[in-house]
Amino acid sequence: MSHGFDAASAAAEVPAGSAPRAPGLLGAVEHAIGLLNRLILGLGGLALVAACLVLSYSVLIRYVLHEPTEWQDEMAVFLIIGATFGSAAAVQAKRGHVAIEALTGLLPASVNRVRLILVDCVSLAFCLFFTWKSWALDHEAWVDGQVSQSTWGPPLWIPYTLMALGMSLLCLQLALQVVAALARGPRAAGWAEPKIGVAADINRDQRARPDLTPQGPDPMGTTVAAANPNAGAKR
């Protein structure tokens, strides 16, 4: 299992271009979603900083000034929910979610190409169900006027809406990747793109020595060589 890295690539990370990945409507939609993902990532970062400031303020007020606070915990949770679910699509676009590699090295490249598409299809089905339940909870909280059980009592439609919007965007990202994989192959669906996260950092050549950069298994047969032609031979 790896985090922030699917075994489809161990290539060094390179800056992503601003142009659409493919011509036509599909490329334009991918480009628009990419811009939206970058905006949400920025807002998510601000939300996490705000959550840290809220919790720090509550500690200062409670233990230094000895004044009780009743809103800081839920405020921080709402901000973290927005950052987590809002950035899920951007992380998926970079294949940055947790990946299980148990079958990668056992299957031939041709079978792995089909497996990669099936992985996205199964993920999309699960996320569609999650999104449907999220919107159902959001609607119920709005209609019934549900609030939290704290003394502050904020409306519960706020976190449910953030969760539902984030999952909807994740479904859209997965659907685009499934369509791209069916139309142009798994490589065009992001499996050959540089990954983000811990494993991507481990596999990045930090010392200008590609012969020493570790190489992971390659389910498509030529991903590493195509993405990083200067990399050394696999071990």
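Please read all numbers here as calculations on a predicted model, not as lab measurements.

1. Points about the nonpolar core
Core analysis: the largest hydrophobic core is formed by nine residues, namely Phe-85, Ala-88, Leu-124, Cys-127, Met-163, Met-167, Leu-170, Cys-171 and Leu-174. By residue number, the principal contributor to this core is helix H5 (residues 157-184), which donates five residues. For Cys-171, the residues in contact, after removing those within four places along its chain, are Leu-124, Cys-127, Leu-128 and Thr-131. One finds Leu-26, Ile-33, Leu-176 and Ala-180 within the second-largest nonpolar core, a separate group that totals six residues.

2. Remarks on the pattern of salt bridges
Following the criterion strictly, the structure yields one salt bridge and no others. Of the charged contacts in the structure, one is a salt bridge between Asp-120 and Arg-95, with a shortest N-O distance of 2.9 Å. Of the two residues, Asp-120 is situated in helix H4 (residues 109-144) and Arg-95 in the loop between helix H3 (88-93) and H4; the sequence distance between them amounts to 25 residues. Considered together, Asp-120 and Arg-95 belong to a single accessibility category, that of buried residues.

3. Let's talk about the packing of helix H1 (residues 24-63) against helix H2 (residues 72-86)
The N-to-C vectors of H1 and H2 enclose an angle of 165°; their axes lie 8 Å apart at closest approach. Considering the angle they form, H1 stands roughly antiparallel to H2. The two elements H1 and H2 meet at a crossing, and its hand is left-handed. Residue-level contacts link Ile-40, Gly-44, Ala-47, Leu-48, Ala-50, Ala-51, Val-54, Leu-55, Ser-58 and Arg-62 of H1 to Gln-72, Asp-73, Met-75, Ala-76, Leu-79, Ile-80, Ala-83 and Gly-86 of H2. Its residues assigned to classes, the contact of H1 with H2 comprises twelve nonpolar, four polar and two charged.

Rules behind the numbers
Every chain begins its residue count from 1, and numbering advances along the sequence as written. Reporting in this predicted model follows two pLDDT cut-offs: at least 70 for local features of residues, and 80 or more for side-chain atom pairs to be given and counted; totals over whole chains, interfaces and linings ignore these cut-offs and use all residues. For the side-chain quantities, the full set of heavy atoms in the structure was used; hydrogens and water were omitted. Nonpolar cores are built from buried Ala, Val, Leu, Ile, Met, Phe, Trp, Tyr and Cys residues. Side-chain atoms within 4.5 Å join them into one set. Each residue is placed in one exposure class: buried if its accessible area under a 1.4 Å probe, protein chains only, is under 20% of its type's maximum, exposed if it is over 50%, and partly exposed if it falls in between. Elements are defined by DSSP. Helices are runs of H or I of four residues or more, strands are runs of E of two residues or more, and each kind is numbered from the N terminus. The contact definition used throughout considers only heavy atoms, calling two residues in contact when any of these lie within 4.5 Å. By definition, a salt bridge exists where a carboxyl oxygen of Asp or Glu is found within 4 Å of a side-chain nitrogen of Lys or Arg. Note on method: axes are straight lines fitted to C-alpha atoms, helices fitted across the in-contact stretch only, with angles between N-to-C directions ranging 0 to 180 degrees. For classification purposes, angles smaller than 35 degrees are called roughly parallel, those larger than 145 roughly antiparallel, those between 65 and 115 roughly perpendicular, and all remaining angles oblique. Two helices cross in a left-handed way if the nearer one is turned anticlockwise from the farther one by less than a right angle. They cross in a right-handed way if the turn is clockwise. Following the grouping adopted for this structure description, the nonpolar residues are Ala, Val, Leu, Ile, Met, Phe, Trp, Tyr, Cys and Pro, the charged ones are Asp, Glu, Lys and Arg, and the polar ones are all others, Gly among them.

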